[in-house]
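Observations on chain architecture
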Amino acid sequence: MDGFGSDFSGKVDTGSIMEQVKVQIAVANAQELLQRMTDKCFRKCIGKPGGSLDNSEQKCIAMCMDRYMDAWNTVSRAYNSRLQKERAKM
Amino acid sequence: MSMDSAQNLGTATADPQLQHFIEVETQKQRFQLLVHQMTELCWQEKCMDKPGPKLDSRTEACFVNCVERFIDTSQFILNRLEQTQKSKIAFSESMSD
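For every chain, the first residue of the written sequence is number 1, and numbering continues from 1 along that sequence. All chains are assigned letters beginning with A, and all ligands numbers beginning with 1, in the order in which they are written. Two thresholds apply to this predicted model, a pLDDT of at least 70 for residue-level local features and 80 or more for giving and counting side-chain atom pairs, whereas whole-chain, interface and lining totals are computed over all residues. Excluded from the side-chain calculations are hydrogens and water; all other atoms, namely the structure's heavy atoms, are used.

Condition: UniProt positions are given in the numbering used here, feature names are shortened, and annotations may be inferred rather than shown by experiment.
Looking at an unreviewed UniProt entry, chain B carries the name Mitochondrial import inner membrane translocase subunit, with the source organism given as Geotrypetes seraphini. The UniProt entry for chain B carries the following comment under Sequence similarities (unreviewed entry): "Belongs to the small Tim family."

In the annotation of an unreviewed UniProt entry, the entry for chain A reads Mitochondrial import inner membrane translocase subunit, and the organism field reads Microcaecilia unicolor. UniProt, in its Subunit (unreviewed entry) section for chain A, records the words "Heterohexamer; composed of 3 copies of TIMM8 (TIMM8A or TIMM8B) and 3 copies of TIMM13, named soluble 70 kDa complex. Associates with the TIM22 complex, whose core is composed of TIMM22." Here chain A is described in UniProt, under the heading Sequence similarities (unreviewed entry), as follows: "Belongs to the small Tim family."

Here it is as structure tokens:
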């Protein structure tokens, strides 16, 4: 990454700052999701931690990941439509 | 990013384009964070028993209700705090009369 959107004249380029901020936000969101998903699926799928991640555990985790994404999207849509309703009331 | 720091950043930058960008992104980020929190809460406490091969309609409805009731709860608490605050003020005013 270059010096936070400044060119050789030392002037700050707004566009490139915005781009970098957007990338950082996307990374932060991905980390947030990954952390929560790992926590939730570990709780659901790993009963007693054994010597390795066995086949049925892997299957469970894969399914859990997909359902977590479904749940995330459902929550996002429900929250969004609630916001629209609240705005319409005002 | 907290609202305060974003607003401070917003007023500190003379660039209106950047200021607008920060305001919009802050709003978006608050939305995202609440989605993360509600998904987690509704998942582990309320709606998800055992993840199946697809999200069945009952579970989906549970998530939708969970979001709606969470927001209702937050609004209820806010209103009630406001009410008790008002009656406290009214009480202390009547005491000083």
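Some details on the overall build of chain A
To keep things clear, this is the line we draw: The helix and strand labels rest on DSSP assignments: H or I over at least four residues marks a helix, E over at least two residues marks a strand, and numbering proceeds from the N terminus. Each residue is assigned to one of three classes by its accessible area relative to the maximum for its type, calculated with a 1.4 Å probe on protein chains only: buried under 20%, partly exposed between the two thresholds, exposed over 50%. By the convention used here, residues are in contact when the closest approach between their heavy atoms is within 4.5 Å. Per-residue accessibility takes into account occlusion by the displayed protein chains alone, with areas from the Shrake-Rupley method and a 1.4 Å probe.
Secondary structure assignment for chain A yields two helices and zero strands. Burial statistics for chain A: of 90 residues in total, 32% are counted as buried. For chain A, the share of sequence-separated contacts (at least 6 apart) that also reach a separation of at least 24 residues comes to 26%. A total of about 6,100 Å² of accessible surface is found on chain A, and carbon and sulfur atoms cover 58% of it.

Regarding the nonpolar core
How we decide: Put simply, a nonpolar core is a bunch of buried Ala, Val, Leu, Ile, Met, Phe, Trp, Tyr and Cys residues held in one set by side-chain atoms that sit within 4.5 Å of each other.
Residues Val-75 and Tyr-79 of chain A together with Val-35, Trp-43, Phe-63 and Val-67 of chain B are the most contacted members of the largest nonpolar core, which totals 24 residues. Counting residues per element, the ones that place at least two in this core are helix H1 (14–45) and helix H2 (55–89) of chain A together with helix H2 (16–47) and helix H3 (57–96) of chain B. If one sorts the elements of this core by residue count, H2 of chain A sits on top with eight residues. Apart from residues lying up to four places away in sequence, Trp-43 of chain B is in contact with Lys-40, Lys-44, Cys-64, Arg-67, Tyr-68 and Ala-71 of chain A together with Met-48, Pro-51 and Phe-63 of chain B. Ile-17 and Met-18 of chain A together with Leu-18 and Phe-21 of chain B belong to the second largest nonpolar core, which has five residues in total.

What to know about the packing of H1 of chain A against H2 of chain B
As a reminder, the rule being used: Fitted lines through C-alpha atoms serve as axes, helices being fitted only where they are in contact, and the angles separating the N-to-C directions of these axes extend from 0 to 180 degrees. Between 65 and 115 degrees an angle is taken as roughly perpendicular, under 35 as roughly parallel, over 145 as roughly antiparallel, and anywhere else as oblique. Polar here means any residue outside two lists: the nonpolar Ala, Val, Leu, Ile, Met, Phe, Trp, Tyr, Cys and Pro, and the charged Asp, Glu, Lys and Arg; Gly therefore counts as polar.
Where H1 of chain A contacts H2 of chain B, the axes come no closer than 11 Å and their chain directions differ by 5°. As far as their axial angle goes, H2 of chain B and H1 of chain A are roughly parallel. Split into classes, the residues belonging to the contact of H1 of chain A with H2 of chain B amount to nine nonpolar, eight polar and nine charged.

Thoughts on the side chain of Asn-29 of chain A
We count it as follows: Each polar contact in these results corresponds to two N or O atoms within 3.5 Å; when the atoms are within protein, one needs to be able to donate a hydrogen and the other to accept it, and residues that are neighboring in sequence are counted only if both atoms are side-chain atoms.
Structurally, Asn-29 of chain A is set in helix H1. Residue Asn-29 of chain A is classed as buried on the basis of its relative accessible area of 14%. Side chain to side chain, Asn-29 of chain A and Gln-29 of chain B meet in a polar contact 3.3 Å long. Here Asn-29 of chain A is in contact with Gln-29, Gln-32 and His-36 of chain B, once residues within four sequence places are set aside.

Some details on the interface of chain A and chain B
To keep it simple, the criterion reads: When two parts are put together, the accessible area they lose, computed with a 1.4 Å probe and summed over both, is reported as buried area. What makes a salt bridge here is a side-chain nitrogen of Lys or Arg within 4 Å of a carboxyl oxygen of Asp or Glu, nothing more.
Between chain A and chain B, the contact holds 32 residues from the first and 34 residues from the second. In total, chain A and chain B occlude about 3,300 Å² of area from one another, counting both sides; carbon and sulfur atoms represent 65% of this. Summed over the three residues of chain A that lose the most area to chain B, namely Lys-44, Tyr-79 and Arg-82 of chain A, the buried surface amounts to 20% of that side. Run the count over chain A and chain B and you get six salt bridges.

A closer look at the packing of aromatic side chains
As a reminder of what qualifies: Any two rings among Phe, Tyr and Trp, with Trp reduced to its six-membered ring, count as a pair given centres within 6.5 Å; such a pair is stacked if its planes are under 30 degrees apart, edge-to-face if over 60, and tilted if neither.
Following the criterion strictly, the structure yields two aromatic pairs over all chains and no others. On the basis of an interplanar angle of 65° and a centroid distance of 4.9 Å, the ring pair of Tyr-68 of chain A and Trp-43 of chain B is categorised as edge-to-face. Of this pair, Tyr-68 of chain A sits in helix H2 while Trp-43 of chain B sits in helix H2, placing the two residues on different chains. The same class applies to Tyr-68 of chain A and to Trp-43 of chain B, which are both buried. Between Tyr-79 of chain A and Phe-31 of chain B, the ring centres sit 4.8 Å apart and the planes meet at 5°, which makes this aromatic pair stacked. One end of the pair, Tyr-79 of chain A, is in helix H2; the other, Phe-31 of chain B, is in helix H2, on a second chain. With respect to class, Tyr-79 of chain A is no different from Phe-31 of chain B; both count as buried.

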